[in-house]
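Below, each chain spelled out in residue letters.
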Amino acid sequence: MKLKQLEGLLGSLDQFENPKIELEQYPTGPHIASRLLYTAENSFRDVENKVVADFGCGCGTLGLAAALLGADHVIGLDIDTESLEIASSNADDLDLDMDFVHCDIKNLKWRDRIVDTVVMNPPFGTRRKGADMDFLLVALKVASNAVYSLHKTTTRDHVKRTALRDYNAVSAEVLCELRFDVPQLYKFHKKKEVDVAVDLWRFVPQKYGEKHL
Amino acid sequence: MRLLTHNMLSSNIKGVTNGFPLLIEVEKVVEKQVDFNEDFLRNMFPKIEWKALVEASRTMGYTELPENAESSMLDSDEFLGKFHHALVELHLEEGALVCPETGRKFPVNKGIPNMLLHEDEV
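Residues numbered from 1 in each chain as written. Chains lettered and ligands numbered in written order. Predicted model: local features only at pLDDT ≥ 70, side-chain atom pairs only at ≥ 80, totals over all residues. Heavy atoms only, no water.

Q: Help me understand the sheet that holds strand E4 (residues 112-113) of chain B, please; the structure alone is not making it clear to me.
A: Pairing between sheet strands relies on hydrogen bonds along the backbone, with the strands arranged either parallel or antiparallel. All names here are of chain B. What the 4 strands build is an open sheet, ordered E1-E2-E3-E4; its pairing is antiparallel. The open sheet has two edge strands with one neighbour each: strand E1 (23-31) and E4. Strand direction decides the pairing type here: strand E3 (residues 105-109) and E4, joined by 2 bridges, are antiparallel. When the bridges of E4 are listed, Asn-109 appears paired with Ile-112. Across the sheet, helix H4 (residues 77-89) touches E1 and strand E2 (90-98), and the angle it forms with E2 is around 60°. (Pairing = 2+ DSSP bridges. Helix = DSSP H or I, 4+ residues; strand = E, 2+ residues; numbered from the N terminus. Contact = heavy atoms within 4.5 Å. Axes fitted to C-alpha atoms, helices over the stretch in contact; angles between N-to-C directions.)

This is the structure:
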């Protein structure tokens, strides 16, 4: 599938109807989502025929992009029922199979390392400090091969240090810097649209069995 | 929810040591046909907890999986077909997942299990 086609399909998905600010619900735009998954597959072969998990899936954009690029099993996780309903309906609209689990990422308990790749656009930690790092910690425990994540460029050093030093990541690389369009979603948003500089990261977890438990 | 996902999930209640596999209570099962992918099945086989898959598929009404399996069976198309069907074509649409240690039920609605914990379970 070509990048433009993927971007087009993702652009047709339904998004949050009543976004909840305390969960930092912002749609992952088709521009970013398509590039994240396209890079993951074309540069690293982390998507096709793999088991992919979308942490904090919201309306399912990243997970569905993974399915469109040939992931054999995709699971979306989110704490919010309404988002999961929208994600489910998006999956139906595209005639794609995607499992969903309603849960709190922090309390996740999954067996072994069945998941190959985790993709996520986590909350940035503007409402609940450290939320983004909570997501990363769990992602690095769950993924066998790679974690793709978006974090604000201003946090780059902190993210790298924490991932390598505290979360046992074997590597932490910024693949590229992107502009995240934040539309005027919430009452406190003054401007029609704002660009936030975000880094697209690829983390490699420590291989299972070598972990310090 | 496919049984592949069920094969990963464990009870996340505080203090539970044997939370896997979750027992299944069935109210509605749906079968959805999916393209067969032999490479995927071969990759998944060593990662799957076989007994849990057999038990789960039987609870869902599918009794074709052998009690025990080893990788040499992957050379049989018939076995691959059954493995494929159980792993990715059976969906628990309505019902519950049950913690094997505490009996606590995690409801499954429209195929989505609710694994949110109550305050005293965290």
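Q: I would appreciate a short explanation of the pattern of salt bridges in the present structure.
A: A side chain with one charge can pair with a side chain of the opposite charge if their charged atoms come near. In this structure the tally under the stated criterion is 20 salt bridges over all chains. Note that Arg156(A) is salt-bridged to Asp199(A), the shortest N-O span being 2.7 Å. Taken together, the residues Arg156(A) in helix H6 (residues 156-166) and Asp199(A) in strand E7 (residues 193-204) connect sequence positions 43 residues apart. Owing to a relative accessible area of 0%, Asp199(A) belongs among the buried residues under this scheme. Across the pair Lys82(B) and Glu64(B) runs a salt bridge, and its minimum N-O distance is 3.9 Å. Of this pair, Lys82(B) sits in helix H4 while Glu64(B) is found in the loop between helix H3 (50-59) and H4, placing the two residues 18 residues apart along the sequence. One salt-bridge network, in which partners are shared between bridges, spans Lys4(A), Glu7(A) and Arg35(A). (Salt bridge = Lys/Arg side-chain N within 4 Å of Asp/Glu carboxyl O. Buried < 20%, exposed > 50% of the residue type's maximum accessible area, 1.4 Å probe, protein only.)

Q: Before we go on, may I ask you to explain unusual backbone geometry in this structure?
A: Among all residues except glycine, the phi angle is most often negative; among peptide bonds, the trans geometry is most common. Along the chain, Phe20(B) connects to Pro21(B) via a cis peptide bond; the corresponding omega equals -5°. Structurally, Pro21(B) is set in the loop between helix H1 (3-6) and E1. Of note, Asn49(A) is a non-glycine position whose phi angle comes to about 65°, a positive value. Along the chain, Asn49(A) falls in the loop between helix H2 (30-42) and strand E1 (51-55).

Q: Would you mind showing me how to read H2(A) here?
A: All names here are of chain A. With 13 residues, H2 extends 17 Å from end C-alpha to end C-alpha; this agrees with the ideal 18 Å at 1.5 Å per step. Every buried residue of H2 is accounted for by Ile-32, Ala-33, Ser-34, Leu-36, Leu-37, Ala-40 and Glu-41. In the core, the buried residues of H2 are packed alongside helix H1 (3-11), helix H3 (61-68), strand E4 (117-120), strand E5 (146-152), strand E6 (171-183) and E7. (Expected span 1.5 Å × (residues − 1).)

Q: Teacher, can you tell me more about the nonpolar core here?
A: The nonpolar side chains of a soluble globular protein tend to be buried, and buried together. Core analysis: the largest hydrophobic core is formed by 66 residues, its most contacted members being Phe55(A), Trp110(A), Val118(A), Leu136(A), Phe83(B) and Leu97(B). In terms of residue count, helix H5 (residues 131-142) of chain A provides more of this core than any other element does, 7 residues in total. Dropping the residues within four chain positions of it, Trp110(A) is found in contact with Ala53(A), Ile75(A), Leu77(A), Val115(A), Val142(A), Met8(B) and Leu9(B). In this structure, Leu6(A), Ile21(A), Cys57(A) and Ala67(A) belong to the second largest nonpolar core, which totals 41 residues. (Core = buried A, V, L, I, M, F, W, Y, C linked by side-chain atoms within 4.5 Å.)

Q: Honestly, the side chain of Ser34(A) in this entry has me stumped. Any pointers?
A: Residues and elements named next belong to chain A. Examined against the element boundaries, Ser-34 turns out to sit in helix H2. Within the structure, the side chain of Ser-34 is placed 3.4 Å from the side chain of Arg-35, a separation counted as a polar contact. Apart from the residues lying within four places of it in its own chain, the contact partners of Ser-34 are Leu-3, Leu-6, Glu-7 and Leu-10. (Polar contact = N/O pair within 3.5 Å; in protein donor to acceptor, adjacent residues only side chain to side chain.)

Just distances and angles here, no functional claims.
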